[in-house]
Amino acid sequence: VKMRKVVLLIALMASMVFAKATILAQVIKIDGNVKLLKAKSIKKKSVELGAFLYQDDMLITLSKAKAILMLSDGSKVILDERSKLKILGKSDLAHEEGKVYYHIKKRGSKGLKVSTKFAIIGVKGTKFIINAEEGSQGVSLKEGLVGIDSLQGEFELHKKKEMDEFAAYQAKINGEFESYKKALQEEFVTYVSSFDLKPGKSVRFSKNRVDESEDLEKIIKDFSAFENFE
C-alpha cells in the first residue's frame with residue numbers, strides 16, 4: 001500500500017510538471033532581431049526559429065524585425081517591429097506594445113482574449129490588427145466580429161451614422177438625398193462598457209474616448225503588409 005502511494009505521488013508530481021510545461025506557441029518565422037523573455041526572467045535572449053513559448057513567456061521584436069507565432073490551435077500571430085506579446089495561457093494573450101496582426105481560427109464558446117492597455121479584445125475567429133504604438137492605439141478588423149470591453153468605466157463611443165438603403169431610396173425620390181448624406185456625416189455619441197467592431201472598420205482610443213472610422217483602403221493596405229510576410 002505504501003509503495004502504491006509513492007507511485008501515485010510520483011505520477012501526480014509528473015503530471016503537475018507536464019501541465020506547467022505545456023507548449024502554448026511556437027516561433028515559425030523570424031526576420032531581424034527577435035528576443036524572448038522567459039517567464040520569471042529579467043534577461044532577454046535571442047530567439048531561434050522553432051522555439052517554443054510557454055505560459056508567461058514574452059516575444060519581443062526589435063527595430064526592423066518581424067516574427068510569426070503559431071498558437072496551439074494553428075492560429076497565427078505576426079509581430080511587426082518594436083512589438084511585445086506575452087502568452088498568458090491557451091486562450092489569453094497580452095498585447096504589451098507595438099503593432100500585431102492576429103489570424104485566429106474559429107473557436108468554441110470560450111474564444112480568445114487579448115488584453116491591451118486600453119481595452120480587452122474578445123474574438124472567436126477572425127483577422128484583426130491591434131496597434132499599441134506610441135501615440136496610436138487602436139483596432140482594425142478585416143472580417144468577422146470582435147468584442148471590445150472597457151478596462152474601467154464606460155467608453156465614449158463616437159460613430160458615424162450608417163446609411164439605411166430604404167431611407168436613402170426614399171430621400172432620393174423626394175429630392176433630399178444630398179441633405180440625407182450630409183446628416184450621415186454627423187457623429188453620434190453613445191456611452192457603453194462594451195461594443196462589437198464590424199468588418200472593414202477601425203477604432204482609435206484616447207483614454208476612454210473611442211472614434212470609429214471606415215477607411216477600407218487603409219485597412220486593406222495594413223493587412224496586406226502583414227499577409228505578404230505570412
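Note: the structure precedes this text.
These figures come from a predicted structure and were not determined experimentally. (Residues numbered from 1 in each chain as written. Predicted model: local features only at pLDDT ≥ 70, side-chain atom pairs only at ≥ 80, totals over all residues. Heavy atoms only, no water.)

> Got a minute to help me understand the overall build of the chain in this structure?
Helix and strand counts for the chain stand at 4 helices and 19 strands. Split into buried and exposed, the 230 residues of the chain put 37% on the buried side. The long-range share in the chain, meaning contacts at least 24 apart out of those at least 6 apart in sequence, stands at 54%. For the chain, the accessible area works out to roughly 13,900 Å², and carbon and sulfur atoms hold 54% of it. (Helix = DSSP H or I, 4+ residues; strand = E, 2+ residues; numbered from the N terminus. Buried < 20%, exposed > 50% of the residue type's maximum accessible area, 1.4 Å probe, protein only. Contact = heavy atoms within 4.5 Å. Areas by Shrake-Rupley, 256 points an atom, 1.4 Å probe, with all protein chains shown as cover.)

> Would you mind going over the packing of aromatic side chains with me for this structure?
The description of two aromatic rings rests on the distance between their centres and on the angle between their planes. One pass over the structure, following the stated rule, counts 6 aromatic pairs. Considering the side-chain rings of tyrosine 102 and phenylalanine 128, the 4.8 Å spacing of their centres and the 10° angle between planes classify their relative orientation as stacked. Highlighted residues: tyrosine 102 in strand E9 (residues 92-104) and phenylalanine 128 in strand E12 (residues 126-133), separated in sequence by 26 residues. Residue phenylalanine 128 is classed as buried on the basis of its relative accessible area of 0%. An aromatic cluster of three or more residues is present, and its members are Phe118, Phe155, Phe195 and Phe205. Seen from the ring of phenylalanine 229, lysine 29 lies directly overhead, with NZ or CZ sitting 4.3 Å from the centre. The ring of phenylalanine 226 has lysine 66 lying over it, and the distance from NZ or CZ to the ring centre is 5.7 Å. (Phe/Tyr/Trp six-rings, centres within 6.5 Å; stacked < 30°, edge-to-face > 60°. Lys NZ or Arg CZ within 6 Å of the ring centre and 35° of its normal.)

> Looking at this model, I keep getting lost on helix H4 (residues 216-229). Mind explaining?
Because each turn of an α-helix spans 3.6 residues, side chains separated by three or four positions end up pointing in the same direction. With 14 residues, H4 should reach 20 Å at 1.5 Å per residue; the first-to-last C-alpha distance of 20 Å fits that figure. Listing the buried residues of H4 in full gives Ile219, Asp222, Phe223, Phe226 and Phe229. End-on, the buried residues of H4 take up no more than an arc of 125°, which puts them together on one face. Of the exposed residues in H4, the ones pointing more than 90 degrees away from its buried face are Glu217, Ile220, Lys221 and Asn228. (Expected span 1.5 Å × (residues − 1). Arc of directions from axis to C-beta.)

> Got a minute to help me understand the side chain of asparagine 131 in this structure?
With respect to the element layout, asparagine 131 can be found in strand E12. Given the relative accessible area of 9%, asparagine 131 is considered buried. A polar atom in the side chain of asparagine 131 sits 3.0 Å from the backbone nitrogen of glutamate 133. Aside from chain neighbours lying at most four places away, what touches asparagine 131 is Gly98, Lys99, Phe118, Ser136, Gln137 and Gly138. (Polar contact = N/O pair within 3.5 Å; in protein donor to acceptor, adjacent residues only side chain to side chain.)

> Teacher, can you tell me more about the pattern of salt bridges here?
Side chains bearing opposite charge may pair, as long as their charged atoms lie close to each other. Inspection of the entire model under this criterion finds 11 salt bridges. Note that glutamate 97 and lysine 84 form a salt bridge whose closest N and O atoms lie 3.8 Å from each other. Remark: lysine 84 occurs in strand E8 (residues 83-89) and glutamate 97 occurs in strand E9; sequence separation between them is 13 residues. Judged by relative accessible area, which is 32%, glutamate 97 ranks as partly exposed. Residue lysine 84 is classed as partly exposed on the basis of its relative accessible area of 29%. Between lysine 218 and aspartate 222 there is a salt bridge, with its nearest N and O atoms 2.9 Å apart. (Salt bridge = Lys/Arg side-chain N within 4 Å of Asp/Glu carboxyl O.)

> I'm lost on the nonpolar core in this one. Help?
Soluble globular proteins tend to bury their nonpolar side chains together. Counting 41 residues, the largest nonpolar core has Leu59, Tyr102, Phe128 and Ile148 as the members making the most contacts within it. Setting aside its immediate chain neighbours within four residues, tyrosine 102 contacts Lys76, Val77, Leu85, Leu93, His95, Val114, Thr126, Lys127, Phe128 and Ile130. Judged by nonpolar contacts, the second largest core, of 8 residues, contains Ile219, Phe223, Phe226 and Phe229. (Core = buried A, V, L, I, M, F, W, Y, C linked by side-chain atoms within 4.5 Å.)

In short, geometric facts, not functional conclusions.
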